[in-house]
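Summary of structural features
One-letter residues, chain by chain:
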Number of protein chains: 2
Amino acid sequence: MLVSAHRYSLRSARGLVWKRHASTIPSTLTPAFPDEYDGALIVTERIPGPKSTALISRLNEIQNSATINFFADYAASRGNYLVDVDGNRFLDIYGQIASLPIGYNHPAILDAMTDKDNLAVLAQRPCLGLFPPADWVDRIENTLTKVKPAGLEDINTLMCGSCSNENAYKAVFIWYQTKLRGGHPPSTFDMETSMSHKLPGTPNLSILSFQGGFHGRLLGCLSTTHSKPIHKVDIPAFDWPVASFPRLRYPLEAHQAANEAEEARCLDEVERLLRENQDENGSTKAHIAGMVVEPIQAEGGDNHASPAFFRSLRALAAEYGVAFIVDEVQTGGGSTGKFWAHEHWELENPPDIVTFSKKLQTGGYFAKEEFRLNEGYRIFNTWMGDPAKMISLQAYLEVLDKDQLLENTRITGEYLQTGLEQLSERFPSLISNVRGQGTYLAMDLPTEGQRNEFVSIMKSLGLAAGGCGSNAVRFRPALVFQPRHAAECLDKLEQACEILTQRR
Amino acid sequence: MLVSAHRYSLRSARGLVWKRHASTIPSTLTPAFPDEYDGALIVTERIPGPKSTALISRLNEIQNSATINFFADYAASRGNYLVDVDGNRFLDIYGQIASLPIGYNHPAILDAMTDKDNLAVLAQRPCLGLFPPADWVDRIENTLTKVKPAGLEDINTLMCGSCSNENAYKAVFIWYQTKLRGGHPPSTFDMETSMSHKLPGTPNLSILSFQGGFHGRLLGCLSTTHSKPIHKVDIPAFDWPVASFPRLRYPLEAHQAANEAEEARCLDEVERLLRENQDENGSTKAHIAGMVVEPIQAEGGDNHASPAFFRSLRALAAEYGVAFIVDEVQTGGGSTGKFWAHEHWELENPPDIVTFSKKLQTGGYFAKEEFRLNEGYRIFNTWMGDPAKMISLQAYLEVLDKDQLLENTRITGEYLQTGLEQLSERFPSLISNVRGQGTYLAMDLPTEGQRNEFVSIMKSLGLAAGGCGSNAVRFRPALVFQPRHAAECLDKLEQACEILTQRR
């Protein structure tokens with residue numbers, strides 16, 4: 001049973017500034033995760049602890065291990081708590097970079113993975129494009145069909161987020177060229193010229209993307225990624241057009257006019273690029289076949305724009321005949337309080353393509369019927385996804401429904417966001433720009449250095465956390481994150497702010 | 001216990017032309033797969049049967065289903081036999097496009113998947129680059145470390161074959177630019193310019209590839225794929241250099257001089273491209289940072305070249321300072337009779353990078369230490385592979401060793417190849433160019449149309465088979481394929497030849 005957030009208070013013993021609610025967490029609240037730990041626990045002096053450090057050294061003999069936070073004991077982890085090999089127990093607000101749907105070792109997933117009926121799916125990996133399993137259509141209908149965005153009838157499974165975006169771009173290129181041919185398949189001349197990368201078989205097409213966007217790191221999608229140089233430097237790229245993405249000021253209500261002007265500026269830039277694209281004189285220029293956008297730019301720093309901005313983008317794409325691709329790899333799956341973040345926009349004309357991965361465990365994309373391929377083997381690879389991941393996906397979607405986790409996420413998100421705003425009021429020189437939807441939240445530290453130090457302090461206090469952009473901290477807990485976890489999180493964030501203040 | 005092939009004869013009752021061995025299969029032969037079916041069985045009039053056809057219709061409501069052969073009953077499949085939903089039982093010589101290591105439902109894999117110690121690995125998908133599981137280093141050391149090619153110390157796990165090649169290219173680009181910088185990390189100017197796709201941060205580098213090669217279908221690796229137009233048409237590409245790959249004539253011993261001349265021609269072309277690449281005047285040209293080659297061009301038609309050809313290629317790459325990438329996605333894992341097909345070349349200087357996927361279930365690449373990344377987050381994504389696939393990989397490698405499956409594959413391959421050659425002698429106007437190593441074999445039909453008809457007849461006789469190139473049939477059985485299966489396969493191939501002959 002879910003109870004709205006204002007009935008809770010923070011469980012803290014520290015007299016927190018954001019403790020504005022009277023009662024304690026009512027005993028009638030059903031925990032979204034059974035038998036969870038009652039809190040984080042740090043037992044080593046440093047993170048990573050000695051056992052993790054030894055394992056990092058061993059891994060470093062095999063590969064660069066610079067990015068490892070610590071080695072995890074997944075068997076001991078439960079719900080929102082990630083346990084490491086040294087026995088530290090973290091409250092996980094990073095959720096495996098937003099890819100953990102319903103916490104660690106959820107009973108529904110454990111049951112599904114030990115269900116004898118699923119064993120054959122785990123024991124071999126079929127080519128889904130040639131020899132799909134008997135229950136493959138059922139598995140899709142019990143999972144992806146149930147969450148497909150309105151108006152997007154075509155469902156394709158793939159491997160990961162990058163692979164999903166890259167194949168969505170391919171579907172857009174094929175759609176665009178097919179339109180130019182009046183619906184005809186490629187001609188013999190198209191086929192021949194494609195083998196030597198010549199026009200018309202290899203067209204000079206592009207995907208319009210946005211500054212600050214992140215769509216993966218394969219060579220095609222990396223050309224549309226503009227979040228951080230370390231992702232891009234030294235790698236060849238397609239020189240495709242890039243538009244500005246709004247940089248909003250917070251709190252929104254205090255900067256309404258400036259923010260509207262900023263969004264108008266970005267929309268003008270998009271329209272200019274689309275208009276230039278129609279100029280047939282510059283035949284060597286890459287024609288724009290589609291545009292790709294995240295509902296919330298994640299890796300780039302949790303940059304938001306208004307529903308009106310996205311509605312205008314969608315209209316521009318339609319007006320200029322380019323595909324509108326919404327990359328929901330990180331936003332999809334429920335953490336914004338709706339299953340798809342683009343539902344918040346209330347579009348009349350749905351996106352042409354929506355890509356997904358992360359929380360859904362399988363990658364893939366949904367598309368309008370006009371993007372359905374007419375010929376086989378055009379979007380194809382050996383595996384075309386992995387039915388084993390559909391097992392977890394089905395368990396997660398059933399739990400999402402049964403335990404009302406979207407509502408839980410809205411309630412918890414409102415609670416956490418209120419707390420973060422109060423934290424920002426108490427530490428205005430440290431915390432700013434609190435923003436987000438559901439539990440998909442972020443806040444800024446003044447500099448990249450301070451953000452990194454803050455994230456490090458968070459870990460030492462028992463929060464598994466991650467940054468994004470140059471100076472943001474992002475919140476990406478699983479959907480079983482509840483007010484009591486938010487309270488614990490806020491308590492630790494307050495401590496982190498105090499520690500960082502004392503150090504300055 | 002393994003016995004060499006010449007002690008077997010074909011089990012056929014049809015008086016086959018290639019039945020040149022006296023005895024029947026000795027009862028002392030240990031089956032590589034316990035409790036297997038005793039043969040293929042076709043029970044429906046057409047393939048796909050009515051239940052598959054109904055499921056294909058249902059799938060077609062969701063996505064293009066043109067490539068589906070039939071729906072499989074994986075729970076009922078066992079060893080080399082793939083059972084479909086209509087109860088047809090196929091001898092599988094295609095092996096899920098060469099990705100099935102030790103047959104269907106191998107007891108070792110079933111045991112591993114139901115081992116309680118592996119449950120936590122199945123129940124959540126960690127970010128291996130941030131929070132690897134406690135036993136992650138052990139899992140690598142028990143699997144990939146054991147099969148790493150000599151001289152390649154750096155081991156990276158990834159998602160699939162395309163993803164592995166694409167990331168290998170990225171590693172090569174980073175290595176090449178780092179060399180140019182005298183080992184220094186990217187400068188601030190490199191970082192800045194990379195964000196707007198300008199030199200020097202976004203360099204104009206290329207990967208040299210070969211006509212007929214296949215390295216996947218993502219936008220980078222698709223630019224090095226030159227197998228079939230349907231893979232490439234309508235998709236933008238990097239305009240990177242492409243060299244000819246030898247087209248050998250068979251039988252090799254009858255065409256030695258012509259084949260040597262053909263290989264020399266291709267090597268000259270490679271050297272010309274590498275030499276032109278050194279010309280610093282053409283600054284807009286894409287400089288070659290690496291070359292990529294398959295040991296046997298698979299998708300392109302099972303095109304082989306001699307070990308001497310590959311040794312020369314390797315030497316050319318070293319001479320011109322470009323990375324030598326060997327794509328073992330399809331050839332790796334044992335079916336050529338060695339674990340890696342490039343072991344047949346007896347290189348003194350190992351490849352710089354070897355990529356893998358398919359039979360290994362996980363993707364990834366091995367690299368020389370100089371390709372080790374100095375900075376984190378440069379070859380990175382959310383998951384960086386999937387530990388669940390390491391469970392199957394470990395079981396497979398243990399069985400490979402215990403059951404001497406490499407030796408089994410060499411014996412079976414010799415037997416099958418001899419049979420195919422005899423088939424070619426009996427049906428010279430149908431079957432030609434029998435070629436291959438181990439059970440990684442192929443033969444040609446006269447035309448694409450006849451090849452397609454032949455593959456269709458093979459299916460109707462109970463062989464799950466696939467073509468490659470314009471007119472080849474490829475053999476990609478699992479490593480548990482034994483002489484008795486080869487005998488059954490040859491028997492059916494003879495029938496297929498007779499049927500095709502009668503139709504003409």
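The structure this text deals with has already been given above.
In what follows, the accompanying structure is described. (Residues numbered from 1 in each chain as written. Chains lettered and ligands numbered in written order. Predicted model: local features only at pLDDT ≥ 70, side-chain atom pairs only at ≥ 80, totals over all residues. Heavy atoms only, no water.)

Topologically, Met113 of chain B is positioned in helix 3 (residues 107-113). The sequence separation of Met113 of chain B and Ala388 of chain B amounts to 275 residues, and the corresponding C-alpha distance is 8.9 Å. In this structure Met113 of chain B touches Leu119, Leu122 and Ala123 of chain A together with Leu122, Ala388, Ile391 and Ser392 of chain B, once residues within four positions along its chain are discounted. (Helix = DSSP H or I, 4+ residues; strand = E, 2+ residues; numbered from the N terminus. Contact = heavy atoms within 4.5 Å.)

A word on the packing of helix 14 (residues 405-426) of chain A against helix 16 (residues 483-503) of chain A. Residue and element names in this part refer to chain A. Relative orientation of the contacting elements helix 14 and helix 16 amounts to 15°, with a least axis distance of 9 Å. Comparing the axis directions of helix 14 and helix 16 gives the class roughly parallel. In the crossing of helix 14 with helix 16, the sense of the turn from one axis to the other is right-handed. Contact residues: helix 14 offers Ile411, Thr412, Tyr415, Leu416, Gly419, Leu420, Leu423 and Arg426, while helix 16 offers Pro483, Ala486, Ala487, Cys489, Leu490, Leu493, Glu494, Cys497 and Glu498. (Axes fitted to C-alpha atoms, helices over the stretch in contact; angles between N-to-C directions. Parallel < 35°, antiparallel > 145°, perpendicular 65-115°, else oblique. Left-handed = near helix turned anticlockwise from the far one by under 90°.)

To continue, consider the side chain of Ser227 of chain B. Here Ser227 of chain B shows up in the loop between helix 9 (219-222) and helix 10 (229-232). Of note is the side chain of Ser227 of chain B, whose polar atom sits 3.0 Å from the side chain of His231 of chain B. Excluding residues within four positions of it along the chain, Ser227 of chain B makes contact with Met195 of chain A together with Gly212, Gly213, Phe214, Glu299 and Gly300 of chain B. (Polar contact = N/O pair within 3.5 Å; in protein donor to acceptor, adjacent residues only side chain to side chain.)

Attention now moves to the packing of aromatic side chains. Aromatic rings in a pair are described by how distant their centres are and how their planes are angled relative to each other. Within the structure shown, the criterion is met by 42 aromatic pairs over all chains. Between Phe324 of chain B and Trp345 of chain B, the ring centres sit 6.5 Å apart and the planes meet at 50°, which makes this aromatic pair tilted. Separated by 21 residues along the polypeptide, Phe324 of chain B in strand 7 (residues 323-327) and Trp345 of chain B in the loop between strand 7 and strand 8 (353-356) bring together distant segments of the chain. In this structure Trp345 of chain B comes out as buried when scored by relative accessible area, which is 4%. Ring pairs connect the aromatic residues Phe173, Phe238 and Trp240 of chain A together with Phe173, Phe238 and Trp240 of chain B, which therefore count as one cluster. In this structure, Arg125 of chain A packs its charged tip against the face of Trp383 of chain A, placed 3.8 Å from the ring centre. (Phe/Tyr/Trp six-rings, centres within 6.5 Å; stacked < 30°, edge-to-face > 60°. Buried < 20%, exposed > 50% of the residue type's maximum accessible area, 1.4 Å probe, protein only. Lys NZ or Arg CZ within 6 Å of the ring centre and 35° of its normal.)

As a further point, take helix 15 (residues 448-460) of chain B. Residue and element names in this part refer to chain B. When the terminal C-alpha atoms of helix 15 are compared, their 18 Å separation across 13 residues agrees well with the 18 Å that a helix rising 1.5 Å per residue should span. Among the residues making up helix 15, those that are buried are Gln450, Arg451, Phe454, Val455, Ile457, Met458 and Lys459. Where helix 15 is buried, its residues meet strand 2 (89-92), strand 11 (440-444), strand 12 (463-464), strand 13 (466-468), strand 14 (472-475) and helix 16 (483-503). Positive backbone phi, approximately 105°, marks Gly462, located one or two places after helix 15. (Expected span 1.5 Å × (residues − 1).)

Residue and element names in this part refer to chain A. What the seven strands build is an open sheet, ordered 3-9-8-7-6-4-5; its pairing is mixed. The open sheet is flanked by strand 3 (154-158) and strand 5 (242-243), the only strands paired with a single partner. Pairing of strand 4 (residues 205-210) with strand 5 involves two bridges; the strand directions are parallel. If you follow Ser209 over to strand 5, its bridge partner there is Val242. (Pairing = 2+ DSSP bridges.)

Right, let's get into the pattern of salt bridges. Residue and element names in this part refer to chain A. Inspection of every chain in the model, using the stated rule, returns 50 salt bridges over all chains. The partner of Glu269 in a salt bridge is Arg265, with the nearest N and O atoms 3.7 Å apart. Here Glu269 pairs with Arg265, and both are found in helix 11 (residues 256-277), just four residues apart, close to one helical turn. Here Arg265 falls in the partly exposed class, since its relative accessible area comes to 39%. (Salt bridge = Lys/Arg side-chain N within 4 Å of Asp/Glu carboxyl O.)

What follows concerns the interface of chain A and chain B. Between chain A and chain B, the residue contacts involve 112 residues of the former and 112 residues of the latter. At the boundary of chain A and chain B, one finds 10 salt bridges. Applying the counting rule to chain A against chain B returns 60 residue pairs in polar contact (both at pLDDT 80 or more). If one sorts the elements of the side of chain A that touches chain B by residue count, helix 7 (residues 161-180) of chain A sits on top with seven residues. When grouped by side-chain class, the residues that make up the side of chain A that touches chain B number 60 nonpolar, 30 polar and 22 charged. (Nonpolar A, V, L, I, M, F, W, Y, C, P; charged D, E, K, R; others polar.)

Residues and elements named next belong to chain B. The antiparallel open sheet is built from four strands, whose spatial order is 10-11-14-13. The open sheet has two edge strands, strand 10 (432-437) and strand 13, and neither has a second partner. Within the sheet, the average angular offset between the axes of one strand and its neighbour, ignoring direction, is 30°. Bridge count for strand 11 against strand 14 is four bridges, and the pairing is antiparallel. Opposite Leu441, over in strand 14, you have Phe475 as the bridge partner. Taken strand by strand, helix 14 (residues 405-426) contacts strand 10, strand 11 and strand 14, and its axis lies near 175° from that of strand 10.

As a rule of thumb, soluble globular proteins bury nonpolar side chains together. Counting 233 residues, the largest nonpolar core has Leu313 of chain A together with Leu313 of chain B as the members making the most contacts within it. Apart from the residues lying within four places of it in its own chain, the contact partners of Leu313 of chain A are Phe210, Leu267, Val270, Met291, Val293 and Phe324 of chain A. (Core = buried A, V, L, I, M, F, W, Y, C linked by side-chain atoms within 4.5 Å.)

Attention now moves to the pairing of strand 8 of chain B. Residue and element names in this part refer to chain B. Here strand 8 shows no split at all, with Ile353 and Thr355 on one side and Val354 and Phe356 on the other all buried. Looking at chain direction, strand 7 and strand 8 are connected through three bridges and run parallel. Bridge pairing in strand 8 places Asp327 opposite Thr355. Connecting the antiparallel pair strand 8 and strand 9 (residues 363-367) is a turn made up of six residues, with Lys358 showing a positive phi of about 45°.

Okay, the environment of Gln437 of chain B next. Residue and element names in this part refer to chain B. In this fold, Gln437 is placed in strand 10. Separated by 100 residues in the primary sequence, Gln437 and Gly337 place their C-alpha atoms 6.7 Å from one another. Within the structure, the side chain of Gln437 is placed 3.5 Å from the side chain of His344, a separation counted as a polar contact.

Once that is clear, we can look at the environment of His255 of chain B. All names here are of chain B. Its location among the elements puts His255 in the loop between strand 5 (242-243) and helix 11 (256-277). Residues in contact with His255, not counting those within four places in the same chain, are Arg249 and Tyr250. A polar contact is formed between the side chain of His255 and the backbone oxygen of Pro251, at a distance of 3.2 Å.

Next up on the list: the relation of the copies chain A and chain B. Two copies of one chain are present, and they are related through a rotation about an axis combined with an axial shift. For the pair chain A and chain B, the best superposition has an RMSD of 0.0 Å and corresponds to a rotation of 180° with a translation of 0.0 Å parallel to the axis. Here the copies are linked by what is in effect a two-fold axis. A share of 100% of the interface residues of chain A reappears at the interface of chain B, consistent with the copies meeting face to face through the same patch. (Least-squares fit on C-alpha atoms with pLDDT ≥ 70 in both.)

Let us look at helix 12 (residues 307-319) of chain B. Residue and element names in this part refer to chain B. With 13 residues, helix 12 should cover 18 Å at 1.5 Å per step; its first-to-last C-alpha distance of 18 Å lies within 8% of that length. Phe309, Phe310, Leu313, Arg314, Leu316 and Ala317 are the residues of helix 12 that are buried. Each buried residue of helix 12 sits inside an arc of 160° when the element is viewed along its axis, so together they form one side. Among the structural elements, strand 4 (205-210), helix 11, strand 6 (287-293) and strand 7 are those in contact with the buried residues of helix 12. Of the residues flanking the end of helix 12, it is Gly321, one or two places downstream, whose phi is positive at about 70°. (Arc of directions from axis to C-beta.)

With that settled, consider the side chain of Thr44 of chain A. Residues and elements named next belong to chain A. Of note, Thr44 is situated in the segment before helix 1 (50-60). Within polar-contact distance, the side chain of Thr44 engages the backbone oxygen of Arg46 at 2.8 Å. In this structure the side chain of Thr44 is engaged in a polar contact, spanning 3.0 Å, whose partner is the side chain of Asn88. If we skip the residues at most four places from it in the chain, Thr44 touches Gly49, Pro50, Asp86 and Asn88.

A word on unusual backbone geometry. Residues and elements named next belong to chain A. With omega at 0°, the peptide bond leading from Leu199 into Pro200 counts as cis. When you line up the elements, Pro200 lands in the loop between helix 8 (188-194) and strand 4. Here the phi dihedral of Asp35 falls at roughly 55°; this positive angle occurs in a residue that is not glycine. Its place among the elements puts Asp35 in the segment before helix 1. Of note in the backbone geometry, Ile97 takes a positive phi value of approximately 50° without being a glycine. Assignment of secondary structure puts Ile97 in helix 2 (residues 95-98).

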